[in-house]
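Fold and contact review
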Amino acid sequence: MTNSIREIPLSAGFLVIGSNTTENHPVMGSMIKNAVINNGKKLIVVDPREIELSRFADYYFQIKPGTNIAILNGFMHVLIKEGLYDKTFVETRTEGFQELAKTLEKYTPEYVAEICGLNNPEDIPKAARFMAELKPMALYYAMGITQFVSGMNGVKSTANLQMLLGNMGVPGGGVNPLRGQNNVQGACDMGALPVSYPAYQPVANEENKAKFEKLWGVSGLSAKPGLTLVEMFNAATGGQLRAVYEMGENPVMSDPNQNHVIEALKSLEFLVVQDIFLTETAQYADVVLPSCTFLEKEGTVTNTERRIQPMHQVLPPRGDARDDWWIITQIANRMGAKWDYKKPQDIFEEIRTATPSYAGITYERIEKELIQWPCPSTDHPGTQYLHKDKFSRGLGLLTAIDYTPPAEGTDTEYPMILTTGRILEHFHTGTMSRNSRILDELVPEGFVQINSNDASNYNITDGEVISVSSRRGSIRIKAQVTDKPKPNVVFMPFHFYEAAANVLTIDALDPACKIPEYKVCACKIEKIAQ
Amino acid sequence: MEEITLLIDGREVKGKQGQTVIEVARENGINIPSLCYHPSVSKTGACRICLVRVNNRMLRPSCVEPAIDGMTVVTEDEDIVSMRKWILELLLSDGDHNCLYCDADGDCELQSLVKRYGVQEPRKEEPKRGRTIDNESSRGIKRNEYRCILCQRCVKACREIQVSNVWGFSERGFETRLIADDDQKIGESNCVMCGQCVQVCPTGALTYQTVLGRGANWELTKESSICIYCGVGCKIDFYKNREGILVKALGNYEGPNNGHLCVKGRFGFDFVQSPKRLSKPLIKRNGTFEEATWDEALDLVAGKFAEIKAKNGPDSIAALSSAKCTNEENYLMQKFMRAVIGTNNVDHCARL
Ligand code: SF4
Ligand code: SF4
Ligand code: SF4
Ligand code: FES
């Protein structure tokens, strides 16, 4: 997030797009509800499914999955055409306006409504005018923006809109991606990415290479960007990748196109899985290493607003389970490294040198202070919101972006759109939540949400077990007949191994950031013959 | 905000314009009792247990009384004590407060006030209210209306913090009752089990399903950590009993969550103590997993990585790091892959 959670009361209104906040980031969802319902703040929601927040929205757009860019362009078209954008901000803080304006010309409300499958084109200009009045408006998004082949462009479009509205670099504004896992932010900051060292310092850069060779006391670090997760599995089936070391990941459940993932794991020469349970993925391992859960460890995590917080050991390790950092160190030292970490804090001290944005953060400080990176020195208070007087690149770049359709369109064989996500009571691959008694009892099995119109066309009743298939596979799953998804769109949570949504999803990737298109693929639903 | 000075119990204390008397007092370590007041929700000013004497004259409820520069406050005198006793006796007689079988025993604001003011017994003449006991309908929450003192904290927590508006009051004749939705059982209402109403309830009227049989409140110890689920990063106080079993999770007020949690943070922690947890390294031999020692497993892993690296080059090895692990662990994983294996093949599920 460019801005902070505690700024929610400072916003005049919110645009929530591609985020079912009250289920996936519930505590923030409640804060937004409190602002809107109890304090008169305004709300615009864009989502293919009716979600809790859309019930309270001043404007709601139920778009077809994969058409975020079109509607964002539609809002911007109106802002420019009617001269409602923040001219001072655009002139002094950004570049690229002319090209953007040119691209936006064709995104008239009618054109956008056509792409997005909306029957309320007249609401697009109304909502755009409404947004222009909200000073400031905060934009929140989640995987409903990013999990598309056009995900990267979707992200850039949200930034375009907020720059045009002058909502960047002010408290209560900003572009705020909601991170789905407790330390995704930190894992990215720490360089658990194939293209960058800690703090997003590119690996394909001689200076960075030299810097890390010196810091780590090694030579010959590779300057060749590595493989992303989905690419790893392609390289495994292709034979280039021979061994995989997995720590706390469950790709059999979480990655698109499950059958392909399993094939890839089987073709490896050596698979190590380090986890807390014998997960669906661990079944394919050659070695399984038992690790500690979050309550058994110490260390730091970084939340969605860049805030670094301490984890404390609540329980002793279970059985012979060990800390992940200990296990990695043991393997490294057996391979010739001479690492001498005695506790997480020793590692954190090294992180401070490797990661300029964390340099001023210490274990002592985060026990008492609320610190958000960047925090370059120990006397720096941290950064509540980014881009205050200038963007990291200087001027903010407005990028002209055209709508592009999802990788897989519907056709007569697969006439419906499948979109996937999470539900309130469960989490990701279910490894944790489905092993928590109360959560598992609350929602013990998977389901597919089908619009009641579609259900009656197919003669499907609520609770009936049906078959859902895509070009990649087929599963049996209970139908939940509701009016939440848009007609012709079905929704399925991916937490349930018995009816794994990722048997169906497509492994098409965004060419730039390699995110898979979980949010849209073509599917068909069928009644199962009795 | 402008600083103000008050004289509370003869002590000069500082506060800020806009605070109430109870807020200034508590910030200065002076403990005025309260029941309906809770710092996380809006003020009700109904129970009157917080009465104090202002400027040597009137008795005022300190939770709603604005603190004014130069104000003199007495938090306890003979009149106040007898008022408080009277209120407590009424509250006791109005319900059924048998602490012996109450989950809140030892962690109840009513109980501690009864002890603090030496209340011996309830007023006998008051009629007992007929109330609901519902220990079954919700997976997470129990309610015993005999212990409800109608303080409204739960109503406000659900309205202002969770914003699901489940709790409300119904008036039937002379009886005011706390009801969920249109008088539904809590498990059948629109409750999303965030558990916030339980966290703020001062008595045992609302309690967690997870606590029964897991030790008395005074045997529990707590430690804070950060929720393992989503990226909000809620700070949680975890309570465990003498046997080390987790009992409950309360939202910490210093985290980004301001004390609030969702159903996952509140009730999703027992996987940690599941019997299905892995507790020994496993090595697959002839298709089945066999338990191994750490030395065996680690030697095998390091040996295999070295062998594959020598044979196929460093880029033939890849690692998946984890968004559920700490910064320190993620840092080490990428360092291991880059500095020891010699490849940039390291990623995690940021995109999933
Ligand atoms: S648990 Fe949460 S949602 Fe349910 S009644 Fe209590 S405050 Fe409301
Ligand atoms: S249930 Fe608890 S919080 Fe709610 S009114 Fe009764 S005593 Fe107060
Ligand atoms: S308690 Fe809920 S909202 Fe808070 S971090 Fe955990 S999952 Fe997210
Ligand atoms: S605590 Fe002040 S009136 Fe209840």
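Quick caveat: nothing in here was measured; it's all calculated off a predicted structure. (Residues numbered from 1 in each chain as written. Chains lettered and ligands numbered in written order. Predicted model: local features only at pLDDT ≥ 70, side-chain atom pairs only at ≥ 80, totals over all residues. Heavy atoms only, no water.)

1. Concerning the overall build of chain A
Along its length, chain A carries 19 helices and 20 strands. Its C-alpha atoms give chain A a radius of gyration of 24 Å, near enough to 24 Å, the size a compact globule of 530 residues would have. Burial analysis of chain A (530 residues in total) assigns 65% to the buried set. In chain A, the share of contacts with a sequence separation of at least 24, taken over all contacts with a separation of at least 6, comes to 69%. For chain A, the accessible area works out to roughly 18,500 Å², and carbon and sulfur atoms hold 50% of it. (Helix = DSSP H or I, 4+ residues; strand = E, 2+ residues; numbered from the N terminus. Rg over C-alpha atoms; globule rule 2.2 N^0.38 Å. Buried < 20%, exposed > 50% of the residue type's maximum accessible area, 1.4 Å probe, protein only. Contact = heavy atoms within 4.5 Å. Areas by Shrake-Rupley, 256 points an atom, 1.4 Å probe, with all protein chains shown as cover.)

2. A few points about the domain arrangement of chain B
Often, the extent of an interface is quoted as the loss of accessible area on bringing the components together. Partitioning chain B into domains gives domain 1 (3-76), domain 2 (216-277) and domain 3 (295-351). Put simply, the middle of domain 2 of chain B and the middle of domain 3 of chain B, counted by C-alpha atoms, are 31 Å apart. (Domains from an automatic or database assignment.)

3. Describing helix 4 (residues 153-162) of chain B
Count 3.6 residues to each turn of an α-helix, and residues three or four apart come out pointing the same way. All names here are of chain B. Most of helix 4 sits inside the fold, with 9 of its 10 residues counted as buried. Residues of helix 4 that are buried include every one of Arg153, Cys154, Val155, Lys156, Ala157, Cys158, Glu160, Ile161 and Gln162, and no others. Note on helix 4: the residue one or two positions beyond its end, valine 163, has a positive phi of about 60°.

4. Quick word on the environment of Val346(B)
Structurally, Val346(B) can be placed in strand 17 (residues 346-347). For Val346(B), a relative accessible area of 0% gives the class buried. In the structure, Val346(B) is positioned 10 residues away from Phe336(B) in sequence and 9.6 Å away in space, judged by C-alpha atoms. When sequence neighbours within four positions are dropped, the list of residues in contact with Val346(B) reads Gly191(A), Ala192(A), Leu193(A), Pro194(A), Leu227(A), Met232(A), Ala319(B), Ser321(B), Met333(B), Gln334(B), Met337(B) and Arg338(B).

5. Notes on the layout of surface pockets
The space that makes up the second largest pocket amounts to roughly 1,200 Å³. Along its surface, the second largest pocket is lined by 43 residues, and Glu23(A), Leu424(A), Glu425(A), Lys484(A) and Val192(B) are the ones closest to its centre. Elements with a contribution of two residues or more to the lining of the second largest pocket: helix 1 (21-24), helix 2 (26-38) and strand 16 (447-451) of chain A. It is helix 2 of chain A that provides the largest number of residues to the lining of the second largest pocket, a total of 4 residues. For the lining of the second largest pocket, a count of residues per class yields 18 nonpolar, 13 polar and 12 charged. Two domains share the lining of the second largest pocket, each providing at least three of its residues, namely domain 1 (5-178) and domain 3 (416-527) of chain A. (1 Å grid on protein atoms, 1.4 Å probe; cavity = no way out; pocket = protein on both sides within 12 Å on 5 of 7 lines; lining within 4 Å. Points joined across faces, edges and corners; volume = space filled by probe spheres on them. Nonpolar A, V, L, I, M, F, W, Y, C, P; charged D, E, K, R; others polar.)

6. Here's the deal with the sheet that holds strand 6 (residues 133-134) of chain B
All names here are of chain B. If you trace the 3 strands from one edge of the open sheet to the other, you get 6-7-10, paired in antiparallel fashion. In this open sheet, the two strands that pair with only one neighbour each are strand 6 and strand 10 (206-208). Bridge analysis of strand 6 against strand 7 (residues 141-144) gives 2 bridges, and the strand direction is antiparallel. Of the residues in strand 7, the one forming a bridge with isoleucine 133 is asparagine 144. (Pairing = 2+ DSSP bridges.)

7. Regarding the domain arrangement of chain A
Residues and elements named next belong to chain A. The domain architecture assigned to chain A consists of domain 1 (5-178), domain 2 (184-368) and domain 3 (416-527). Taking only C-alpha atoms into account, the centre of domain 1 sits 26 Å from that of domain 3. In this complex, domain 1 contributes 23 residues to the contact, which on the side of domain 3 involves 24 residues. Summed over both partners, the interface of domain 1 with domain 3 buries about 1,900 Å², with 60% contributed by carbon and sulfur atoms. Looking only at domain 1, the three residues that lose the most surface to domain 3 are Arg49, Gln147 and Val149, adding up to 35% of its buried area. Where domain 1 packs against domain 3, one counts 0 salt bridges. There are 12 residue pairs in polar contact (both at pLDDT 80 or more) connecting domain 1 and domain 3. Listing elements by their share of the side of domain 1 that touches domain 3, those giving two or more residues are helix 1, helix 8 (143-146) and helix 9 (151-164). (Buried area = accessible area lost by both parts, 1.4 Å probe. Salt bridge = Lys/Arg side-chain N within 4 Å of Asp/Glu carboxyl O. Polar contact = N/O pair within 3.5 Å; in protein donor to acceptor, adjacent residues only side chain to side chain.)

8. Re the packing of aromatic side chains
The final tally for this structure, using the stated rule, is 22 aromatic pairs over all chains. Measuring from ring centre to ring centre gives 5.5 Å for Phe61(A) and Phe75(A), while their planes differ by 65°; the resulting arrangement is edge-to-face. Here Phe61(A) is found in strand 3 (residues 59-61), whereas its partner Phe75(A) is found in helix 3 (residues 68-81), with 14 residues between them in sequence. Note on accessibility: Phe61(A) and Phe75(A) belong to one class, buried. Put simply, the rings of Tyr197(A), Phe212(A), Trp216(A) and Tyr331(B) pair up and form one aromatic cluster. A cation sits over an aromatic face here: Arg49(A) above Phe491(A), 3.4 Å from the ring centre. The ring of Trp373(A) has Arg306(A) sitting right over it, with the charged end atom 5.9 Å from the ring centre. (Phe/Tyr/Trp six-rings, centres within 6.5 Å; stacked < 30°, edge-to-face > 60°. Lys NZ or Arg CZ within 6 Å of the ring centre and 35° of its normal.)

9. Some words on the interface of chain B and chain A
Every contact between the two is made by 106 residues of chain B and, on the other side, 149 residues of chain A. Taking both partners together, chain B and chain A bury about 11,000 Å²; carbon and sulfur atoms supply 65% of that area. Linking chain B with chain A are 9 salt bridges. The residue Asp299(B) makes a salt bridge to Arg334(A) at a minimum N-O spacing of 2.6 Å. Linking chain B with chain A are 64 residue pairs in polar contact (both at pLDDT 80 or more). Note: strand 11 (residues 287-290) of chain A against strand 14 (residues 282-285) of chain B, 2 bridges, orientation antiparallel. Following the sheet pairing, Val288(A) is matched in strand 14 of chain B by Leu282(B).

10. Digging into the sheet that holds strand 6 (residues 175-177) of chain A
Residue and element names in this part refer to chain A. As summarised here, the arrangement of the 5 strands in space is 3-2-1-5-6, forming an open sheet in which the pairing is parallel. The open sheet has two edge strands, strand 3 and strand 6, and neither has a second partner. Direction aside, neighbouring strands of the sheet carry axes that sit 15° apart on average. Where strand 1 (residues 13-17) lies against strand 5 (residues 137-141), 5 bridges are found, and the strand directions are parallel. Across the sheet, the residue bridging to valine 16 is tyrosine 140, located in strand 5. (Axes fitted to C-alpha atoms, helices over the stretch in contact; angles between N-to-C directions.)

11. Examining the environment of Ser436(A)
With respect to the secondary-structure elements, Ser436(A) resides in the loop between strand 15 (416-421) and helix 18 (437-442). Judged by relative accessible area, which is 0%, Ser436(A) ranks as buried. Sequence-wise, Ser436(A) and His426(A) are 10 residues apart; in three dimensions their C-alpha atoms are separated by 9.5 Å. Engagement of the side chain of Ser436(A) in a polar contact is seen with the backbone oxygen of Gly268(B), the distance being 3.2 Å. Only 3.5 Å separates the side chain of Ser436(A) from the backbone nitrogen of Phe271(B), close enough to count as a polar contact.

12. A closer look at helix 8 (residues 327-341) of chain B
Residues and elements named next belong to chain B. Relative to the 21 Å expected for 15 residues at 1.5 Å per residue, helix 8 spans 20 Å between its end C-alpha atoms, a close match to the ideal helical length. At lysine 335, helix 8 is deflected by roughly 25°, the largest bend along its length. Of all 15 residues in helix 8, 15 are buried, a share of seventy percent or more. Looking one or two places after helix 8, you find glycine 342, whose phi comes out positive at around 95°. (Expected span 1.5 Å × (residues − 1). Bend = angle between axes of the 7 residues up to and from the residue.)

13. With respect to unusual backbone geometry
With an omega of -5°, the peptide bond running from Lys135(A) to Pro136(A) counts as cis. In the segment running from Trp373(A) into Pro374(A), the intervening peptide bond is cis, with an omega of 0°. Looking at the secondary structure, you find Pro374(A) in the loop between helix 17 (363-368) and strand 14 (396-397). The backbone phi angle of Tyr200(A) is positive, close to 60°, even though this residue is not glycine. Summarising the element assignment, Tyr200(A) is placed in the loop between strand 7 (196-197) and strand 8 (201-202). Tyr200(A) sits in the partly exposed class, given a relative accessible area of 37%. At Met193(B), a residue that is not glycine, the phi angle is positive and equals roughly 60°. Within the element layout of this structure, Met193(B) appears in the loop between strand 9 (175-180) and helix 5 (196-200).

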